Amino acid sequence: MPNLASPHVVNIADLRNLARRRLPKLIFDYVDGGAENEVTLRENTRVFEDVVFRPRQAVDAAPCDLQTRVLGQGLSFPAMLAPVGYARMIHPEGEVAAAKAAGEFGTGFILSTISGHKLEKVKSASAGLVWYQLYLVGGRDAAERAFARIRAANYSALVITVDTPVAGSRERDPRNGMRELMGKSLLAKLPHVPQMLARPGWLAAFVRDGGMPKLENIVMPDGNPMPLIDVTNALARAVVTWKDLQWIRDAWRGPILIKGILTGDDARRAVDEGVAGVIVSNHGGRQLDGVSSALRALPEVVAAVGDKTEVLMDGGIRRGADIVKALCLGARAVLIGRAYAYGMAAAGSAGVTRALEILREDVERTLRLLGCPSIAQLDSSFVDFPETWLRKSSR
């Protein structure tokens with residue numbers, strides 16, 4: 001177990017360095033990489049530099065109230081853990097570790113369809129709210145079987161990802177042998193064995209865990225879980241359209257959030273479809289390269305929906321100041337993905353907890369420096385940002 005305390009780990013970048021040292025290159029690059037030239041991946045983090053704080057001086061803002069509410073449920077901290085696919089390959093505890101850490105921290109966790117632990121086990125690990133993120137991998141029947149299970153396990157909301165008509169071209173993955181790792185041919189795996197042997201701690205844990213996990217929450221007609229697959233091919237057969245929302249709503253009968261919104265027009269369409277929330281996201285820069293960063297799209301989406309639905313933002317969060325800037329621009333809360341995945345890779349549940357601790361300390365310090373005593377009082381008066389971000393949509 002690495003030393004996660006300060007001064008060894010003081011920010012998310014330090015957790016990233018630990019993750020790089022523990023994971024084989026192909027697994028680290030799966031977590032770390034993006035689509036094509038990775039322009040959007042880089043912009044997701046860089047864009048926070050374009051938002052400038054406007055602090056209130058000579059204000060005693062202690063103690064700070066970091067609590068917020070999302071879909072009527074209380075969070076101790078305005079950041080939830082985003083869905084991360086293949087998490088069990090990052091660390092054997094995978095989604096269970098993340099859900100446990102989030103619950104103990106008083107915040108929420110979103111379980112990916114592409115997960116290696118059973119959804120019931122993940123939910124039971126958390127003392128907090130847990131949502132389920134839906135891909136239609138396995139078809140409508142598999143999705144409806146999952147709905148019955150998540151209702152029985154008391155998942156409180158469904159997150160539908162709409163920006164994956166096909167998987168983005170994540171060029172690090174084929175170079176590193178991700179397809180071969182997931183395939184059945186031992187011969188095809190051989191060229192990639194050295195990078196596994198170079199990370200004996202990860203390899204030993206992977207083997208003890210049984211090797212390649214199955215997709216435990218995609219149950220096929222024969223009653224067995226779907227084998228772990230190359231998501232590129234699976235997503236091409238699992239497109240979600242606006243028309244699908246009707247049967248999903250009827251089958252799920254609970255709150256729905258749409259993830260992958262980047263324009264005011266799509267946000268209004270989601271509101272028209274009766275969703276409980278929209279998540280401004282470009283899939284962590286892993287789908288269409290060259291789209292807007294999530295933060296830049298946020299003001300347009302917030303202006304488009306007003307108070308008709310809740311808006312969350314996902315993308316590029318590495319510091320507590322990033323969270324505060326997103327809240328100032330209208331997000332109810334943010335999702336963090338890579339930030340906690342690096343911690344998970346480094347040390348399982350303890351690493352996820354350390355990532356959350358770092359961000360919480362950052363947020364509280366930022367609020368006090370801003371002269372703002374609570375999350376609820378943050379608004380756009382605390383920041384300057386480019387007016388072009390408020391581009392009008394077509395309606």
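Residues numbered from 1 in each chain as written. Predicted model: local features only at pLDDT ≥ 70, side-chain atom pairs only at ≥ 80, totals over all residues. Heavy atoms only, no water.

> For this particular structure, what's the right way to read the state of the cysteines?
By definition, a disulfide is the covalent link that joins the sulfur atoms of two cysteine residues. Under the counting rule described, the total for this entry stands at 0 disulfides. Of all cysteine sulfurs in the structure, the one in C372 sits closest to C328, which takes part in no disulfide; the separation is 7.4 Å. Residue C372 is classed as buried on the basis of its relative accessible area of 1%. (Disulfide = S-S within 2.5 Å. Buried < 20%, exposed > 50% of the residue type's maximum accessible area, 1.4 Å probe, protein only.)

> Looking at this structure, how should I read the nonpolar core?
Soluble, globular proteins show a tendency: their nonpolar side chains are buried together. Within the largest apolar cluster, 119 residues are counted, with the highest numbers of intra-cluster contacts made by F109, F147, L158, L295, M313, I336 and L378. It is helix α18 (residues 338–370) that contributes the most residues to this core, 16 residues altogether. Of all hydrophobic cores here, the second largest spans 14 residues; its members include W131, A157, V159 and A333. (Core = buried A, V, L, I, M, F, W, Y, C linked by side-chain atoms within 4.5 Å. Helix = DSSP H or I, 4+ residues; strand = E, 2+ residues; numbered from the N terminus.)

> Can you help me understand empty space enclosed by the protein in this one?
Vacant regions in the atomic arrangement are exposed by a probe of water-molecule size rolled over the atoms. With the rule as written, the count across this model stands at 3 cavities of 30 Å³ or more. What the largest cavity holds in volume is close to 490 Å³. Lining of the largest cavity is provided by 32 residues; of these, P83, V84, G85, H283 and R286 occupy positions nearest its centre. Secondary-structure elements contributing two or more residues to the lining of the largest cavity are α2 (25–32), α3 (39–46), α13 (231–236), β13 (333–336) and α18. The leading source of residues in the lining of the largest cavity is α3, at 3 residues. For the lining of the largest cavity, the per-class residue count stands at 15 nonpolar, 11 polar and 6 charged. (1 Å grid on protein atoms, 1.4 Å probe; cavity = no way out; pocket = protein on both sides within 12 Å on 5 of 7 lines; lining within 4 Å. Points joined across faces, edges and corners; volume = space filled by probe spheres on them. Nonpolar A, V, L, I, M, F, W, Y, C, P; charged D, E, K, R; others polar.)

> Mind showing me how you'd approach the pairing of β13 here?
The two faces of a sheet get side chains in turn, since along a regular strand they alternate between them. Alternating positions in β13 separate into two faces, A333 and L335 on one and V334 and I336 on the other, with burial throughout. As paired elements, strand β12 (residues 310–314) and β13 share 3 bridges and run parallel to each other. For D314, the partnering residue across the bridge sits in β13 and is L335. Once the chain exits β12 it traverses helix α17 (residues 320–328) before rejoining the sheet at β13, and the crossover so formed is right-handed. (Pairing = 2+ DSSP bridges. Right-handed = clockwise from strand over helix to strand, strands pointing away.)

> Where do I start with the layout of surface pockets in this structure?
The space that makes up the largest pocket amounts to roughly 440 Å³. If you trace the largest pocket, you find 22 residues lining it, with L181, M182, G183, K189 and M212 closest to the centre. If you list the elements that add at least two residues to the lining of the largest pocket, you get α9 (178–182), α10 (186–189), α11 (193–197) and α12 (200–208). The class makeup of the residues in the lining of the largest pocket is 15 nonpolar, 3 polar and 4 charged. Approximately 320 Å³ is the volume attributed to the second largest pocket. Elements supplying a minimum of two residues to the lining of the second largest pocket: α16 (294–305) and β12.

> Which parts of the structure should I look at to understand the pattern of salt bridges?
Any two side chains of opposite charge can pair, on the condition that their charged atoms come close. This structure, assessed with the given rule, holds 18 salt bridges. Salt-bridge contacts for E273 lead to R269; the nearest nitrogen and oxygen are separated by 3.2 Å. Using a relative accessible area of 34% as the deciding quantity, one classes R269 as partly exposed. A salt bridge links E310 to R332, with the shortest nitrogen-to-oxygen separation between them at 3.3 Å. Taken together, the positions of E310 in strand β12 and R332 in the loop between α17 and β13 put the pair 22 residues apart, joining distant regions of the chain. On the accessibility criterion, R332 (35% relative accessible area) is partly exposed. Salt bridges sharing common partners tie together R16, K25, D29, D32, E38 and R172. (Salt bridge = Lys/Arg side-chain N within 4 Å of Asp/Glu carboxyl O.)

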